[in-house]
Amino acid sequence: AQSVTQLDSQVPVFEEAPVELRCNYSSSVSVYLFWYVQYPNQGLQLLLKYLSGSTLVKGINGFEAEFNKSQTSFHLRKPSVHISDTAEYFCAVSSSSGGYNKLIFGAGTRLAVHP
Amino acid sequence: KAGVTQTPRYLIKTRGQQVTLSCSPISGHRSVSWYQQTPGQGLQFLFEYFSETQRNKGNFPGRFSGRQFSNSRSEMNVSTLELGDSALYLCASSPEGLAKTDTQYFGPGTRLTVL
């Protein structure tokens, strides 16, 4: 069975500092990985996704993630965060069940950016 | 294109009642999935509909049901509400939902509170 582990439940960081949100997955088959962001009282917005090809994936709002097959990781990074990046971030893997896909989510990481 | 819309945004019910939530997918998307989000369990897959048929189901009791109409709009119903059903219910749409690479786009959610 596929699963996703987000290693940090909360990450506090100062504005303009770099940040890394960690995500590990387990899967015995090809994986397709996603990062979503959820702002307060809103739904999930897709930040970026890894389907195939280059292991470095660039997303919206200056975020990027690196797929590392040997370490089964898909960590999310941003070189300089803003107050507006304060949100909850979810890593997800696309799982095939009966031939149809569904997303399996990690528990989420709450990013708090302080001035 | 308009995004995924969900109605109502907020709902308060009492134990034992039933509730119906509505989701309108992005135009042209045929797959609609539902997720439950709670602080304790995180994001959990409920079920997925495609062409008016339920194709995929998570581990939820039979009190949770849904349907999809010919225009791809979907409704989710919860009968005999319990306190533990209090959650944010998220709907996501995707073009086909077949391939693992199909990206799911989320609505803002319906916040259900059971008293």
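The preceding data block contains the structure.
First things first, this report covers the structure right here in the doc.

### A few points about the overall build of chain A
Check the secondary structure of chain A and you find zero helices and twelve strands. Its helices and strands taken in sequence order, chain A reads β-β-β-β-β-β-β-β-β-β-β-β from the N to the C terminus. Relative to the globule expectation of 13 Å for 115 residues, the C-alpha radius of gyration of chain A, 14 Å, shows essentially globular dimensions. The buried share of chain A, reckoned over its 115 residues, is 46%. In chain A, once contacts between residues fewer than 6 apart in sequence are set aside, the share between residues at least 24 apart is 55%. Summed over all atoms, the accessible surface of chain A reaches about 5,500 Å², with 50% contributed by carbon and sulfur. Here chain A holds 8 positive side-chain charges and 8 negative ones, and the gap between their average locations is 10 Å.

### Remarks on the pattern of salt bridges
Residues and elements named next belong to chain A. Counting across every chain of the model gives eleven salt bridges over all chains. As a salt-bridge pair, E20 and R77 come within 2.8 Å of each other at their nearest N and O atoms. Pair noted here: E20 is in strand β3 (residues 19–21) and R77 is in strand β9 (residues 73–78), with a separation of 57 residues, a long-range link. The exposure class of E20 is partly exposed, given its relative accessible area of 33%. The partly exposed category is assigned to R77, whose relative accessible area is 27%. Look at the salt bridges and you will find they share partners, linking E20, E66 and R77 into a network.

### Comments concerning the packing of aromatic side chains
Tallied over the full model, the rule gives 13 aromatic pairs over all chains. Ring geometry for A:Y25 and A:F67: centres 6.1 Å apart, planes at 20 degrees, overall stacked. Of this pair, A:Y25 sits in strand β4 (residues 23–26) while A:F67 sits in strand β8 (residues 64–68); the two residues are 42 residues apart in sequence, bridging distant segments of the chain. Taken individually, A:Y25 and A:F67 each receive the classification buried, so the pair is uniform in this respect. Aromatic side chains B:F47 and B:Y49 sit 5.6 Å apart centroid to centroid with 75 degrees between the ring planes, which places their arrangement in the edge-to-face category. Cluster of aromatic residues (ring-pair linked, three or more members): A:F34, A:Y36, A:F90, A:F105, B:Y35, B:F45 and B:F106.

### Re the side chain of B:S31
Within the element layout of this structure, B:S31 appears in strand β4 (residues 31–38). Polar side-chain contacts of B:S31 include one of 2.6 Å to the side chain of B:E48.

### Considerations on the nonpolar core
Where a protein is soluble and globular, its nonpolar side chains tend to be buried together. Within the largest apolar cluster, 28 residues are counted, with the highest numbers of intra-cluster contacts made by A:W35, A:L48, A:F74, A:L76 and A:Y89. It is strand β10 (residues 87–97) of chain A that contributes the most residues to this core, four residues altogether. If you look at the next biggest cluster of nonpolar residues, it comprises 21 residues, including B:I26, B:L46, B:F64 and B:Y89.

### Side note on the pairing of strand β6 (residues 44–50) of chain A
The two faces of the sheet receive side chains in turn, since in a regular strand these alternate between them. Two strands pair when backbone bridges link them, and strand β5 (residues 33–38) of chain A and β6(A) are joined in this way by six bridges, in the antiparallel orientation. The residue bridging A:Q38 from the neighbouring strand is A:L44, located in β6(A).

### Observations concerning the pairing of strand β9 (residues 87–94) of chain B
Residue and element names in this part refer to chain B. Most of β9 is tucked away, with eight of its eight residues classed as buried. Because side chains alternate across β9, one face comprises the buried residues A87, Y89, C91 and S93, and the other comprises L88, L90, A92 and S94, equally buried. Bridging between β4 and β9 involves seven bridges; their strand directions are antiparallel. Among the inter-strand pairings, Q37 is bridged to a residue of β9, identified as L88. Bridge count for β9 against strand β11 (residues 110–114) is three bridges, and the pairing is antiparallel. Residue pairing for β11: Y89 is matched across the bridge by T110. Direction of pairing for β9 relative to strand β10 (residues 105–106): antiparallel, over a ladder of two bridges. When the bridges of β10 are listed, A92 appears paired with F106.

Procedures and definitions
- Along each chain, numbering runs from 1 in the same order as the chain's sequence is written.
- Here chains are named by letter from A upward and ligands by number from 1 upward, in the order in which they appear as written.
- In keeping with the predicted nature of the model, local features appear solely for residues at pLDDT of at least 70, side-chain atom pairs appear and are counted solely at 80 or more, and the whole-chain, interface and lining totals rest on all residues.
- Side-chain measures were taken over the full set of non-hydrogen atoms in the model, leaving aside hydrogen atoms and water.
- The numbering of helices and of strands both runs from the N terminus, where a helix is a DSSP run of H or I of at least 4 residues and a strand a run of E of at least 2.
- We take the radius of gyration over the C-alpha atoms and set the globule estimate at 2.2 Å times the residue count to the 0.38 power.
- Using a 1.4 Å probe on the protein chains alone, a residue whose accessible area is under 20% of its type maximum counts as buried, one over 50% counts as exposed, and one in between counts as partly exposed.
- We call two residues contacting when some pair of their heavy atoms lies within 4.5 Å.
- Method for areas: the Shrake-Rupley scheme with a 1.4 Å probe, in which residue coverage is limited to the protein chains shown.
- A residue counts as positive if it is Lys or Arg and as negative if it is Asp or Glu; His and the chain ends are not included.
- For charged residues, the charge sits on one atom: NZ in Lys, CZ in Arg, CG in Asp, CD in Glu.
- Put simply, a salt bridge is a Lys or Arg side-chain nitrogen that is within 4 Å of an Asp or Glu carboxyl oxygen.
- Between 30 and 60 degrees the pair is tilted, below 30 it is stacked and above 60 it is edge-to-face, where a pair is any two Phe, Tyr or Trp rings, Trp via its six-membered ring, whose centres lie within 6.5 Å.
- N or O atoms closer than or at 3.5 Å make up a polar contact, with two conditions inside protein: a donor-capable atom paired with an acceptor-capable one, and, for residues adjacent in sequence, both atoms drawn from side chains.
- For the purposes of this section, nonpolar cores are sets of buried Ala, Val, Leu, Ile, Met, Phe, Trp, Tyr and Cys residues that join through side-chain atoms within 4.5 Å.
- A pair of strands counts as paired when DSSP detects no fewer than two bridges linking them.

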